[in-house]
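What the coordinates show
In case you want the letters, here they are:
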Amino acid sequence: FPAGRLDKDTTGMVLITNDGTLSHRILSPKKHIPKYYIVKLAESFQEDYVRQFAEGIIIDGGEKCLPSKVKRFIELHEGKYHQIKRMFSAVENSVEKLCRIQMGGLLMPEKLAIGEYMEIMHKDVENLLKSQCFEEVFRNITENFSSYWINMQ
């Protein structure tokens, strides 16, 4: 059973599990397991996005998103339909590429190619359920994903 989904034009980490309780913990916004995405934008990143996303972006249809953190990657705690694309559209920008690279404290290996998979062990599940400081995740991403990986494609 997939514990989450990606849009058809989004790449990255998807977890498959036979553990319904784990799947629920991953998917529920109330559990606050953050998902991290590298975002390539059509226009330059604006520093004001940090404030706007932290306040909770109102997307088309008047729906308000939970507050999120953003640099040149984004941390989400929910998964609305095309949410990241709609959030950047609300600030008059558009997403060219999007890749989920981390869930909770579990970072996808940079060298894991599209279509490849890896088995995760008990310690990996423990990491998945751990929250991390946004700045720590940002450092890990910039260290592990050379030049933000997706921007090099």
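Residues numbered from 1 in each chain as written. Predicted model: local features only at pLDDT ≥ 70, side-chain atom pairs only at ≥ 80, totals over all residues. Heavy atoms only, no water.

**Notes on the overall build of the chain**
Along its length, the chain carries five helices and six strands. Reading the chain from its N end, one meets helices and strands in the order β-α-β-α-β-β-α-β-β-α-α. Expressed as a percentage of the 153 residues in the chain, the buried residues total 41%. Once local pairs closer than 6 in sequence are excluded, the contacts in the chain between residues at least 24 apart make up 65%. On the chain, roughly 8900 Å² of surface is accessible, and the fraction owed to carbon and sulfur atoms is 52%. For the chain, the distance from the average site of its 21 positive side-chain charges to the average site of its 21 negative ones is 3 Å. (Helix = DSSP H or I, 4+ residues; strand = E, 2+ residues; numbered from the N terminus. Buried < 20%, exposed > 50% of the residue type's maximum accessible area, 1.4 Å probe, protein only. Contact = heavy atoms within 4.5 Å. Areas by Shrake-Rupley, 256 points an atom, 1.4 Å probe, with all protein chains shown as cover. Lys, Arg positive; Asp, Glu negative; His and termini not counted. Charge placed at Lys NZ, Arg CZ, Asp CG, Glu CD.)

**As for the pairing of strand β5 (residues 95–103)**
The element β5 is largely enclosed, with a buried count of seven among its nine residues. Inspection of the sheet shows strand β1 (residues 11–12) paired to β5 by two bridges, in the parallel sense. Bridge pairing in β5 places Gly 12 opposite Arg 100. When strand β2 (residues 35–41) meets β5, the two strands line up antiparallel, connected through seven bridges. (Pairing = 2+ DSSP bridges.)

**Structural notes on the nonpolar core**
Counting residues in each nonpolar core, the largest one holds 20 residues, and the members touching the most others are Ile 26, Phe 73 and Leu 128. Per element, the largest residue contribution to this core is four residues, and it comes from helix α5 (residues 134–144). In this structure Phe 73 touches Tyr 36, Tyr 37, Ile 38, Val 39, Phe 134, Val 137, Phe 138 and Ile 141, once residues within four positions along its chain are discounted. Residues Tyr 37, Ile 59, Ile 74 and Leu 76 belong to the second largest nonpolar core, which totals 18 residues. (Core = buried A, V, L, I, M, F, W, Y, C linked by side-chain atoms within 4.5 Å.)

**Considerations on the pattern of salt bridges**
Evaluated as defined, the whole model comprises 10 salt bridges. For Lys 85, the salt bridge identified is with Asp 9, shortest N-O distance 2.5 Å. Of this pair, Lys 85 sits in helix α3 (residues 83–90) while Asp 9 is found in the segment before β1, placing the two residues 76 residues apart along the sequence. Counted as one network, the salt bridges with shared partners bring together Asp 60, Glu 63, Glu 78, Lys 80 and Arg 86. (Salt bridge = Lys/Arg side-chain N within 4 Å of Asp/Glu carboxyl O.)

**Details of the environment of Val 137**
Inspection of the secondary structure puts Val 137 in helix α5. Exposure remark for Val 137: the relative accessible area of 0% places this residue in the buried category. Discounting chain neighbours no more than four positions away, the residues touching Val 137 are Tyr 36, Phe 73, Gln 102 and Gln 132.

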